[in-house]
Amino acid sequence: MKHTYHHHEPFELEPGGVLPELTIAYHTYGTVNERRDNIVWVCHALTANSDVPDWWPHTVEEGKFLDPGKYFIICANILGSPYGTTSPLHVNPSTGEPYYGDFPAYTIRDMVNAHRVLADALGIDKIHTLVGCSVGGFQAVEWAVMEPERFERLSLMATDAVATPWTIAIDESQRMCIEADASWGERRADAAQSGLAAARAIGLLSYRGPSGYNLTQRDKEEYPAPRRAVSYQRYQGEKLVRRFDAYSYHSILDSFDTHDVGRGRGGMEKALSAIKARTLVIGLTTDIVFPPDDMKILASRIPGARYEEIHSPFGHDGFLVEHEQLNALMRPFMES
């Protein structure tokens with residue numbers, strides 16, 4: 001079920017800006033039990049939304065690790081995303097017009113502070129399991145460090161405690177595509193759509209990697225038939241344009257690059273040592289965005305964390321595809 005929470009107070013942002021008010025869109029599934037000890041919070045990734053089954057198939061189902069008959073599951077749309085939470089397309093109360101390129105800079109910590117605002121408003125003190133994958137993992141690790149007493153369990157998938165130069169370079173390449181569009185900067189919701197489509201095509205290369213593309217996009221006929229990889233890239237770019245906007249995408253990429261859980265906390269290792277939740281870190285064998293070796297290092301820095309691996313040819317997107325392997329890891333972890 002979709003809900004909207006309106007925070008009618010100024011929301012201060014880490015880089016120094018202020019949002020006069022904050023709207024947060026979120027979905028819930030299941031029911032809170034009498035002990036209020038069955039709450040699971042899911043942090044979503046870059047272009048996903050708060051409707052978990054919409055982007056994460058076969059997870060919010062009976063018998064799966066996000067079983068709505070057993071847990072009360074909540075997912076909040078992130079700050080800056082065009083799915084209901086305050087974003088560049090929202091109207092700035094100070095001007096009466098959408099923010100567009102004037103939307104203030106924000107960080108992963110600001111996304112988490114918005115989650116905290118919502119959790120407090122809903123009276124959620126303890127969370128059974130905090131789940132984060134990809135950029136959602138950025139949020140989850142930040143929140144677990146920020147409020148270690150709030151979480152009993154923490155699951156981090158295909159993510160890291162810091163934005164590495166490699167991931168920042170991927171983001172910058174996408175931003176360059178958007179900024180190269182002649183309509184970038186125009187004060188309209190459909191500005192830089194061609195640039196956004198190209199940015200998405202670049203992002204997909206990193207999400208699927210060579211094994212994913214070579215498995216699914218080989219041509220079945222001889223040239224000069226249309227190349228499957230060509231049509232796939234264009235289709236995916238056009239598909240994102242139909243549901244996203246360049247201003248939101250650009251701003252989320254900017255916030256992605258601010259991620260460093262050790263910033264202002266004496267470094268990454270000291271920050272991660274504060275986590276008290278029982279932690280499961282899950283890597284993917286062919287992920288080139290967050291390689292397994294990096295995930296193992298992340299797990300080694302969190303007290304008592306366990307590392308597991310999903311075998312998949314689909315790279316970073318494997319956590320969206322390999323639901324049977326994921327369920328086999330997550331159910332015992334959450335039920336233990």
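Details of the structure are given in the entry above.
Described in the following lines is the structure provided in the data block. (Residues numbered from 1 in each chain as written. Predicted model: local features only at pLDDT ≥ 70, side-chain atom pairs only at ≥ 80, totals over all residues. Heavy atoms only, no water.)

### Looking at helix H2 (residues 108–121)
Here is step 1: Between the first and last C-alpha of H2 there are 20 Å, a value that for 14 residues agrees with the 20 Å anticipated at 1.5 Å per step.
Here is step 2: Restricting attention to buried positions, one finds in H2 the residues Ile-108, Arg-109, Asp-110, Met-111, Val-112, Ala-114, His-115, Val-117, Leu-118 and Ala-119.
Here is step 3: Sitting at the amino-terminal end of H2 is Thr-107, which places a side-chain oxygen 3.2 Å from the backbone nitrogen of Arg-109.
Here is step 4: Phi for Gly-123, located one or two positions after H2, is positive at around 70 degrees. (Helix = DSSP H or I, 4+ residues; strand = E, 2+ residues; numbered from the N terminus. Expected span 1.5 Å × (residues − 1). Buried < 20%, exposed > 50% of the residue type's maximum accessible area, 1.4 Å probe, protein only. Polar contact = N/O pair within 3.5 Å; in protein donor to acceptor, adjacent residues only side chain to side chain.)

### Here we look at unusual backbone geometry
Here is step 1: Although it is not a glycine, Arg-36 sits at a positive phi angle of roughly 55 degrees.
Here is step 2: Mapped onto the fold, Arg-36 is located in the loop between strand E4 (22–29) and strand E5 (39–43).
Here is step 3: If you check the backbone angles, Tyr-100 has positive phi at about 50 degrees while not being a glycine.
Here is step 4: Along the chain, Tyr-100 turns up in the loop between strand E8 (97–98) and H2.
Here is step 5: Judged by relative accessible area, which is 12%, Tyr-100 ranks as buried.

### Thoughts on the nonpolar core
As a rule of thumb, soluble globular proteins bury nonpolar side chains together.
Here is step 1: In terms of nonpolar packing, the biggest core is built from 72 residues, with Trp-41, Leu-79, Tyr-249, Leu-272 and Ile-275 touching the most fellow members.
Here is step 2: Other than its neighbours up to four places away in sequence, Tyr-249 contacts Leu-46, Thr-47, Gln-174, Ile-178, Leu-196, Ala-199, Arg-200, Tyr-207, Leu-240 and Phe-244.
Here is step 3: Judged by nonpolar contacts, the second largest core, of 27 residues, contains Leu-66, Ile-73, Met-157 and Ile-310. (Core = buried A, V, L, I, M, F, W, Y, C linked by side-chain atoms within 4.5 Å. Contact = heavy atoms within 4.5 Å.)

### Section: helix H11 (residues 323–335)
Here is step 1: The end-to-end C-alpha separation of H11 is 17 Å, in line with the 18 Å expected for 13 residues at 1.5 Å each.
Here is step 2: Those residues of H11 not exposed but buried are Leu-326, Asn-327, Leu-329, Met-330, Phe-333 and Met-334.
Here is step 3: The inward-facing, buried residues of H11 abut E5, strand E9 (127–133), strand E10 (151–157), strand E11 (278–284), strand E12 (306–310) and helix H10 (318–321).

### Comments concerning the sheet that holds E10
Here is step 1: As summarised here, the arrangement of the 8 strands in space is E1-E4-E6-E5-E9-E10-E11-E12, forming an open sheet in which the pairing is mixed. Lying at the two open borders of the sheet, with one neighbouring strand each, are strand E1 (2–7) and E12. Taking the axes of each pair of neighbouring strands and ignoring which way they run, one obtains an average angle of 20 degrees across the sheet.
Here is step 2: Contacting E5, E9 and E10, helix H3 (residues 135–146) runs over the sheet at an angle of about 140 degrees to E9. (Pairing = 2+ DSSP bridges. Axes fitted to C-alpha atoms, helices over the stretch in contact; angles between N-to-C directions.)

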